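A look at the structure
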Amino acid sequence: MDAKALFSFSYGLYVVSANDGKGVGACLINTALQVTSDPMQVAVTINKENHTAQVVRAAGHFTLTVVSKTADMPFIGRFGFQSSANTDKFAGIPTKASPLSDPYTTEHACAMVCCAVVNAVDLGTHVMFVGEVVDAERISDEDPMTYAYYHGVLKGKTPPKASSYIKGEDPTEPAASVSSPRHHFRCNICGYVHETTEEELPENFRCPACGVGPENFTKID
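Each value, and the rule that gives it
Residues numbered from 1 in each chain as written. Predicted model: local features only at pLDDT ≥ 70, side-chain atom pairs only at ≥ 80, totals over all residues. Heavy atoms only, no water. Helix = DSSP H or I, 4+ residues; strand = E, 2+ residues; numbered from the N terminus. Buried < 20%, exposed > 50% of the residue type's maximum accessible area, 1.4 Å probe, protein only. Contact = heavy atoms within 4.5 Å. Areas by Shrake-Rupley, 256 points an atom, 1.4 Å probe, with all protein chains shown as cover. Pairing = 2+ DSSP bridges. Axes fitted to C-alpha atoms, helices over the stretch in contact; angles between N-to-C directions. pLDDT = per-residue confidence, 0-100. Core = buried A, V, L, I, M, F, W, Y, C linked by side-chain atoms within 4.5 Å. Arc of directions from axis to C-beta.

1. Observations regarding the overall build of the chain
- A count of helical and extended segments in the chain gives 3 helices and 12 strands.
- The buried share of the chain, taken over its 221 residues, is 44%.
- Contacts in the chain between residues at least 24 apart in sequence constitute 59% of all its contacts with a sequence separation of at least 6.
- In the form shown here, the chain has an accessible surface area of approximately 11,300 Å², with 51% of it arising from carbon and sulfur atoms.

The structure is reproduced here in structure tokens:
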């Protein structure tokens, strides 16, 4: 079986968030879609190990924010490579509350959709929450970010908890070079890939996307 066939599927990037009255959960996902129009329903798929999945289940509602192409790797790293269990992901950025009290950001956002959960489907490693739309708002006229743009332009990696993650198959792996030897180091925090002719990163190197040091990079070739 050629698992890369699934890379032909089209995805977007979204932030799903919820407030259960005790805490807030928010994470980046790539599997969200409208499933019916009458009633208007939206489905989101979240890894069970994500703190956000627990918060959405307890809250009984969620808010989905469509990420725009203006988003940079620090923004993606904030929502995609940290845990809401110990990080306030909305700290220091423009934030509003949906009609159901879920926080969402207006930064790097095209639209927000607020939903009340009407069904939860166990998918093994993930859970799909189906929500009936309570409110929706266009935030900007920016183009939504696609997963292809995230991989191809921002050189972002697929997190292991993503529903589209396939172990050992990563479309962001650099192609082999036929010129002078090149080495690539990937940031474990935000997914940025740094290319250099050096065998190792210098001690004073900092990720241009999220600012972490060389100890947070993995050499991938």
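2. Details of the sheet that holds strand 4 (residues 40-47)
- Strand order in this open sheet of 7 strands is 2-1-5-8-9-4-3, and the pairing throughout is antiparallel. Only two strands of the sheet have a single neighbouring strand rather than two, namely strand 2 (24-29) and strand 3 (32-37). The mean angle between the axes of side-by-side strands here comes to 30°, regardless of whether they run parallel or antiparallel.
- The pairing of strand 4 with strand 9 (residues 126-138) spans 7 bridges and is classified as antiparallel. Among the inter-strand pairings, Q41 is bridged to a residue of strand 9, identified as E132.
- Lying on the sheet, helix 1 (residues 51-59) is in contact with strand 1 (14-19), strand 2, strand 4, strand 5 (61-67), strand 8 (109-122) and strand 9; it crosses strand 2 at an angle near 125°.
- Those strands touched by helix 2 (residues 73-80) are strand 1, strand 2 and strand 5, and its axis lies near 125° from that of strand 2.

3. As for the confidence of the model for the chain
- Looking at the chain, the pLDDT average stands at 87 and 87% of residues meet or exceed 70.
- Taken together, the stretch residues 173-178 has pLDDT below 50 and engages in 5 contacts with residues farther than four places along the chain or on a different chain.

4. Some thoughts on the nonpolar core
- If you look at the biggest cluster of nonpolar residues, it comprises 25 residues, and the most contacted ones within it are L13, I76, F79, Y150 and F217.
- The set of elements that each furnish at least two residues to this core consists of strand 2, helix 2, helix 3 (147-152) and strand 10 (183-187).
- For F217, the contacting residues outside a window of four places in its chain are F185, R186, C187, N188, Y192, H194, L201, F205, C207 and V212.
- The next biggest cluster of nonpolar side chains, apart from the first, holds 22 residues, and it includes V42, V44, A59 and V127.

5. Quick notes on helix 1
- Listing the buried residues of helix 1 in full gives T52, A53, V55, V56 and A59. One side of helix 1 carries all its buried residues, which in axial view fall inside an arc of 165°. Exposed side of helix 1, more than 90 degrees from the buried face: R57 and A58 are the residues found there.
- Turning to helix 1, the residues buried within the fold contact strand 1, strand 2, strand 4, strand 5, strand 8 and strand 9.
- Backbone geometry just after helix 1 places G60 at a positive phi near 80°.

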